[in-house]
Amino acid sequence: MLLKSITHFRSARWCRVTTLAVLIGLVGANAAKATNFPESEGATGNSTKANANVIPFDMVDGDTITGTTTGTTTAALGSSLDYFRLHTAADALGIYMYRLTITPTVGDTGTHVGSIRGLDQDLGVILAVEAQVQGSTTGTVPPKSNVWYGFGKQEELYYRVAGASTTPNPYTVTLSKTPVVPTAIGPFVSGPITITTEGATTLETEIQVFDANLDPIPCYNNDDTYLGSTNQSTLTRNYTPGTYYLVVASGTGGSQAGNLATHLPAAKDDDTQDPEVMDFPNSFVRQHTIVAAQSWDFNVIDGNGTTFVDNESPANFQFQVNWHTFTVVPAVNPPSNDDCAAAIPLTNQAYTVGTTANATHSTTATCDTNVASRDVWYSFTEAHAGTLTVDTCGACGNSDIDTALAIYSGSCGSLTQVACNDDSAGMFRYEFRDQRFLPAGTHYIRVSDKGLAAGGFGLHVYFVPNADTCAGAIVFSPPFNDIIDISTATNDPDISCNAASNPSARSAVWYTITPTSDCALGIAENSTANDIDITVWSGSCGGLSEVQCTANESTVQSLDAGIQYWIEFSLHNTTTSPTTVLPSVPLDVSFSCLPPLITIHVQRQHP
C-alpha cells in the first residue's frame, strides 16, 4: 500500500522557496545599444503576413519599431495594417518575458492596437488560416502592450499594428525583456503523473508542460478535461526521471478562454480542439487579459499521493503566467494498479497512461506466457453488450514499450480469459480488436511487458454497444446520457426528414423507452460532430410507425405512459456512397423528461 501524502507549495511571491536556477550564464545581449526599425511599405505594402516587414536584426531590450497607420484592413499603401516578422536575440537558456508596448502619440485622438498573430486549428489540425492570438488594449498595464515568453532561442513571431483615421501620427513600439525564475515544486516519482485544476479552482484553465530544454512537449497540454462537462483541466501523462517546466493559467472571455499558444496542436484527449497556435516554435503566448487577482490552484498526483500548489496571479497580470519547475525521480514502489483487485476503472473513449516499472507478475496469458512479465490492471464496466476495443497506442502516439493485452471476464479471484493479443498492428502498436459482442458487465484488462523492458504506455478503450438495430436498442430511463459511435453501425430504412438519402450509407443506433407516465421527452445529440437525424418510432421492431423525425439534432416529443418507443440516431447523408468510411467521432446523446406538453384551447366568448 502506498503512503498517501498531501503537500502544499506556495508561489514565490508569497513565501521564500527553493528554486531551480534556469538562467545559465546570461550573455550580455541586453547591453547592446538600442536599434530602431522604421516601417517600410515598399511596392506592395506590409498589410499581410506574406509581405510583412522582416526586421533584419536580432531584437534586444530597448529596440523599437516605428511607423504610421490609419488602417484596420489591407487597404491602400500608408493607410493599411502594418505587419512585422521579428526575432529576438540569442541568450542563455532560460525563461524570458518579452513585451512590445506602443507609445502614445501626441496629437492622436484614437488608439493604435497591437496584436500577436498566429494560425487557426480545427479538431486538432493546424490550418493555413491567420488568427489573432493576443490583442492589446488600453486596459493593460502598461496600456497597448503585448506579452510573450521566449527561451533565448531567437524566437520568431508575427506582430501587427492597426490604426484608425484618428491615428495619423507615427507610432513607436518598444521591446522590453525580463528574466523569469520559476517556482520549484515536487519532486515527483516517475510513471503516470496527473496535473489537474478540477476541485482546486472554479476558473477555466489550461495546462502546458515543457521539457528540460524548455521545449513544449507534444501532447502534454490540456485545455478542458476530456469527455467532461467542466471548464477545468486534467492532464495525465507518463514522466521519466528528469527536469520539467509547467504553466497552469486561466483567462476570461473569448472563445478560447485561457488559451496557452505554442506551435503545437491540441492533444487528442483534449475537449477543446480549436485554439489558436503560433507560426513558429519557442514563442509561448497566453491569450487573455485579466485585471483582477485570481487563483489558478492545481493538484499534482503521483505515486506518492497528492501535492496541492497554490498558484496565485496578482492584479494587472495581463497576458502573464506563473512558471513552475519540478524534477521527476525514479519510482521505487509498484504502480497502484499492480493487482487485479486494485484495477483502475476506465470509461468509454478514455485515454490514459500507465507503467509496468516496478510492477509484479500476476498471471500469464495465452499470448504472454513469460513468468517474468510485469503487469498492471484496469477494469471496464458496461450495462450493454457490444464490441470492446483496447489498444496501447495511447492518446498521443505509440507506447514506449512492447506490450501484450489480455481481456478477462469474471472476478479477480476467478478470471476467464476472453481474448489476448500481442503485435496485432506492427511494432509498438499492440492492439486487441474483437469483433465478437461481449456481454454486459465488468471486464478486466491486463497490460504486460512480456518480461522485456519495463516502462510507460498509453491506453485507449473504445466500446460500441450492440445498438445498431431496433432489436438491440439500448433501454434507458431519463435522465440519461450516453456516448455512442455511428461509424460501425449497420444500414437502416429511409425516414421522412431525410427521404432522399442513400439508405445503405445512412447508419444508425437505437434506444428504447417505455415511460411509466406521460412525458415530454427532450432528445439531443450534443456533440454536433456530424449532421444527425433523430427519429421517434412506435409499434414493434417488425412493424415500426414513425412518430416524429427531425434533422435538427434535438427535439422534444410527447410520449404516452405504457407505450414502447424507439429513438433512432442516424447520419443525415444524401451523397455518401455505400463504401465511404464514416467518421468515428463519438456522439454525445442525452434524454431528459419534462412535464407533459399541454395544449390549451381558447374559445372566444360572444356577448
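Cut-off values and rules
- Residues numbered from 1 in each chain as written.
- Predicted model: local features only at pLDDT ≥ 70, side-chain atom pairs only at ≥ 80, totals over all residues.
- Heavy atoms only, no water.
- Helix = DSSP H or I, 4+ residues; strand = E, 2+ residues; numbered from the N terminus.
- Buried < 20%, exposed > 50% of the residue type's maximum accessible area, 1.4 Å probe, protein only.
- Polar contact = N/O pair within 3.5 Å; in protein donor to acceptor, adjacent residues only side chain to side chain.
- Contact = heavy atoms within 4.5 Å.
- Pairing = 2+ DSSP bridges.

Visitor: Got a sec to walk through the side chain of T512? Specific residues and values, please.
Guide: When you line up the elements, T512 lands in strand β36 (residues 508-513). For T512, a relative accessible area of 5% corresponds to the buried category. Within the structure, the side chain of T512 is placed 3.0 Å from the side chain of Q564, a separation counted as a polar contact. Within polar-contact distance, the side chain of T512 engages the backbone oxygen of Y565 at 2.8 Å. Dropping the residues within four chain positions of it, T512 is found in contact with A473, I474, V475, F476, Q564, Y565 and W566.

Visitor: Which residues make up the sheet that holds strand β5 (residues 82-87), and what values go with them?
Guide: Strand order in this open sheet of 5 strands is β3-β5-β10-β7-β8, and the pairing throughout is mixed. Strands at the two margins of the open sheet, each flanked by one partner only, are β3 (53-54) and β8 (125-135). Strand direction decides the pairing type here: strand β7 (residues 113-122) and strand β10 (residues 156-162), joined by 5 bridges, are antiparallel. In the sheet register, G114 faces β10, and the bridge partner there is V161.

Visitor: An account of unusual backbone geometry is needed here, citing residue identities and associated values.
Guide: Phi is mostly negative for residues that are not glycine, and the peptide bonds are mostly trans. Cis geometry is found at the peptide bond from V141 to P142, where omega equals -5°. Within the fold, P142 resides in the loop between β8 and β9 (145-150). In this model, G186 is joined to P187 through a cis peptide bond whose omega is 5°. Here P187 is to be found in strand β12 (residues 183-189). Phi is positive for L123, close to 55°, though the residue is something other than glycine.

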